[in-house]
Amino acid sequence: MLIVRTECELRTALNGKQSVGFVPTMGALHAGHCSLIERARTENDTVVLSIFVNPKQFGPNEDFDSYPRTFQEDKEKAEVAGADIVFAPTADVIYPDGFSTSVDVSAVAEPLCGGGRPGHFKGVATVVARLFGLVQPNRAYFGLKDMQQCMVLQRMVLDLAIPVQLVLCPTVREADGLAMSSRNQYLNGREREIAPMIYQSLQQVLSAYEGGENSVATLELLGRSQLAACTEFEVEYFEVRSVPNLAELKSIPETAAPNIEAKAVCAVAARLGTTRLIDNILLK
Ligand code: AMP
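Just so it is clear, the structure is predicted and the values come from calculations on it, not from any experiment.

1. Quick look at the environment of Arg276
Inference 1: Position of Arg276 among the secondary structure elements: in strand 9 (residues 275–283).
Inference 2: Those residues within four positions of Arg276 in sequence are excluded, and the remaining contacts are Cys113, Arg117, Arg183, Glu236, Tyr237, Ala269, Ala270 and Arg271.
Inference 3: Polar side-chain contacts of Arg276 include one of 2.9 Å to the side chain of Glu236.

Set out below in structure tokens:
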């Protein structure tokens, strides 16, 4: 496995490669990230993993400085999962002097996390567009754990006619249902113990939906009240939205959206202490 830091090293490493699968990350790799690398491994000749903690997607009061950086362990996990090239650029490689473009995907970036994290998706879309230009992958792999990010990037790729196929992969969970996240390590013992209630509340919504409940207001109230019953959670949003546009809904539509094969999504963001956790479940 090759480690490359600059655009020139990356170009040399990719020279003459057939199909390239790309997994962009911010590092602190866990089994969720590794599942993307493993999937890319099965579908491409060459697998590129990027590790870059992107300053543009963090707000001024967010955890950019304290975000876990574990490069040695990441390299080992990436190799085991099947990466060929790790692209670990410094900020000046991604944002060289004079860099001034940003990618604003608008509507789909505005609800849900867009409300609580202004500018976040602009930072994500900008870095991913730049990384796509550098790596020029045939396919790029993203986790549905960050469902809104998937929808934003899908819109960007369509709108800008970027020649890459996005592959959206299922959320990998801990045994108790908690969605794996680099931020889970911020949780203290008590917080970690109750964190799976987020997934349990989503499961409640899913079983009500599968039992025939079609009203979005009823489904949202069910999930939100279940989570809010534990006062340690500060629920930022608990919403059922359309896919792929994340528009408001009154009831679950009859037909599923192609590609994502779901009729709607139920998404939640909640704070436990200082840690903000997100999760979602597709209503199929
Ligand atoms: P991050 O390093 O948090 O930017 O995540 C890099 C990629 O890994 C994104 O596409 C995430 O959606 C994906 N990812 C993060 N956590 C998980 C998970 N638990 N299951 C599947 N994919 C994940």
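What follows continues from the structure just given.
2. Notes on the site of the ligand
Inference 1: Near the ligand you find 17 residues, and of these Met26, Gly143, Asp146, Val172 and Met180 are the closest.
Inference 2: Between an oxygen atom of the ligand and a main-chain N or O atom of Met26, the distance comes to 2.9 Å.
Inference 3: With three residues, helix 2 (residues 31–43) is the single largest residue contributor to the shell around the ligand.
Inference 4: Looking at side-chain class alone, the shell around the ligand contains eight nonpolar, seven polar and two charged residues.

3. Details of the packing of helix 2 against helix 3 (residues 71–81)
Inference 1: Look at helix 2 against helix 3: their axes get within 8 Å of each other, and the N-to-C directions meet at 35°. The two elements helix 2 and helix 3 cross, and the hand of that crossing is right-handed. Contacts between helix 2 and helix 3 involve Cys34, Ile37, Glu38 and Arg41 from the former and Lys77, Ala78 and Ala81 from the latter.
Inference 2: Taken together, the residues that form the contact of helix 2 with helix 3 break down as four nonpolar, no polar and three charged.

4. Some details on the sheet that holds strand 6 (residues 165–169)
Inference 1: Spatially, 1-4-3-2-5-6 is the arrangement adopted by the six strands of the open sheet, whose pairing is parallel. Two strands in the sheet have a free side with no partner beyond their single neighbour: strand 1 (2–4) and strand 6. On average, each strand axis in the sheet is inclined to that of its neighbour by 25°, with strand direction left out of account.
Inference 2: Taken together, the six bridges between strand 2 (residues 20–25) and strand 3 (residues 46–51) define a ladder with parallel strand orientation. By the bridge assignment for strand 3, Thr25 is matched with Ile51.

Conventions adopted
- Residues numbered from 1 in each chain as written.
- Predicted model: local features only at pLDDT ≥ 70, side-chain atom pairs only at ≥ 80, totals over all residues.
- Heavy atoms only, no water.
- Helix = DSSP H or I, 4+ residues; strand = E, 2+ residues; numbered from the N terminus.
- Contact = heavy atoms within 4.5 Å.
- Polar contact = N/O pair within 3.5 Å; in protein donor to acceptor, adjacent residues only side chain to side chain.
- Near = heavy atom within 4 Å.
- Nonpolar A, V, L, I, M, F, W, Y, C, P; charged D, E, K, R; others polar.
- Axes fitted to C-alpha atoms, helices over the stretch in contact; angles between N-to-C directions.
- Left-handed = near helix turned anticlockwise from the far one by under 90°.
- Pairing = 2+ DSSP bridges.

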